[in-house]
Amino acid sequence: MEPSKIFDKTYKDYLSQLNDFDFSKKVQILGLQKWEEAFVFEFFNRKIVFNGNDFIDISGEKLTFAVKVVLCKYLLMCPEKVSESSNRLVTFREFSNAGPLFSSFTGNTNKIIETTFSGQLETLKARCLKLGGTLMETESYDLAVRFRALPRIPSILYFNDKDELLPAKSVFLYHDNAEIYLDLECLAITGTYLTGLLIQGEQKTKETT
């Protein structure tokens, strides 16, 4: 079955599970905003509304079923109270049972960033800022940027550009409590989604030069 059809089927299944979802108890826990009878998510600098029947991007841009699946899962996995993070950053591999997904996650995120932006540090920095990223201080990497994948799930990108001795290196990090709010499949989607946004801008730049 094609990936899009799989996500479509999964989305419909998750959506049906939200029929009895009590939003009044979950808004604060998940960091959502109430807007009339709907609820607003912030997903990588996009404002997305859930009206009880579907997810809609306020700007009118199309939402893929993969993104809708992530948003549904964020609702369905809502804990009983806000999960406080220790602020310890972990790689995707460090989450429990991440092994089977780690190779595909790395291939769809880190390796693509390294290949696309090797020797293009300032371009990557500009793309990150355009997408709403916040620069962070770090002595170990040339670039550290924090993104807001979802209200309770920050996503951090570390990047070292190539030099005379070493190739470019990138690392995606999450707070250690991220898997309380999303399962690993959906966390992986946030990484591939962000990677897609970053390289999309780079590809457009190359097409116009």
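That block above? That's the structure.
This is a predicted model, so every value here is computed, not measured. (Residues numbered from 1 in each chain as written. Predicted model: local features only at pLDDT ≥ 70, side-chain atom pairs only at ≥ 80, totals over all residues. Heavy atoms only, no water.)

Caption draft 1: Quick peek at the pairing of strand β7 (residues 143-150). Most of β7 is tucked away: 6 of the 8 residues are buried. Relative to β7, strand β6 (residues 134-135) runs antiparallel, the two being bridged by 2 bridges. Each residue of the ladder has a partner; that of Thr134, found in β7, is Arg146. Sheet topology places β7 next to strand β8 (residues 153-160); 7 bridges connect them, and they run antiparallel. If you follow Ala144 over to β8, its bridge partner there is Tyr158. (Buried < 20%, exposed > 50% of the residue type's maximum accessible area, 1.4 Å probe, protein only. Helix = DSSP H or I, 4+ residues; strand = E, 2+ residues; numbered from the N terminus. Pairing = 2+ DSSP bridges.)

Caption draft 2: Highlighting the packing of aromatic side chains. Scanning the entire structure with this criterion turns up 18 aromatic pairs. Residues Phe23 and Phe50 carry aromatic rings whose centres are separated by 5.7 Å and whose planes lie at 35 degrees to one another, so their mutual orientation is tilted. Residue Phe23 is located in the loop between α1 (3-17) and α2 (27-30), and its partner Phe50 is located in strand β3 (residues 46-50); the two are separated by 27 residues in the primary sequence. Each of the two residues, Phe23 as well as Phe50, counts as buried. (Phe/Tyr/Trp six-rings, centres within 6.5 Å; stacked < 30°, edge-to-face > 60°.)

Caption draft 3: Just the pattern of salt bridges, in detail. In total, this model carries 8 salt bridges according to the counting rule given. Between Asp8 and Lys12 there is a salt bridge, with the nearest N and O atoms lying 3.8 Å from each other. Highlighted residues: Asp8 and Lys12, both in helix α1, separated by 4 residues, approximately one helical turn. You can call Lys12 exposed: its relative accessible area is 56%. When the shortest N-O distance is used, the salt bridge between Asp183 and Lys73 registers 3.8 Å. Of this pair, Asp183 sits in the loop between α7 (178-181) and α8 (184-207) while Lys73 sits in helix α3 (residues 65-76), and the two are 110 residues apart along the sequence. Given the relative accessible area of 17%, Lys73 is considered buried. Each of Glu42, Lys47 and Arg148 takes part in one network of salt bridges that share partners. (Salt bridge = Lys/Arg side-chain N within 4 Å of Asp/Glu carboxyl O.)

Caption draft 4: Up close: the sheet that holds β7. Spatially, the 5 strands line up as an open sheet ordered β5-β9-β8-β7-β6, and their pairing is antiparallel. Single-partner strands in this sheet number two, and they are β5 (89-91) and β6. Its contacts with the sheet put helix α6 (residues 121-130) on β6, β7 and β8, and the angle it makes with β7 is roughly 25 degrees. (Contact = heavy atoms within 4.5 Å. Axes fitted to C-alpha atoms, helices over the stretch in contact; angles between N-to-C directions.)

Caption draft 5: Highlighting unusual backbone geometry. Unusually for a residue other than glycine, Glu36 sits at a positive phi of about 55 degrees. Tracing the chain through its elements places Glu36 in the loop between β1 (33-35) and β2 (38-43). Of note in the backbone geometry, Asn87 takes a positive phi value of approximately 70 degrees without being a glycine.

In short, shape yes, function no, at least from these values alone.
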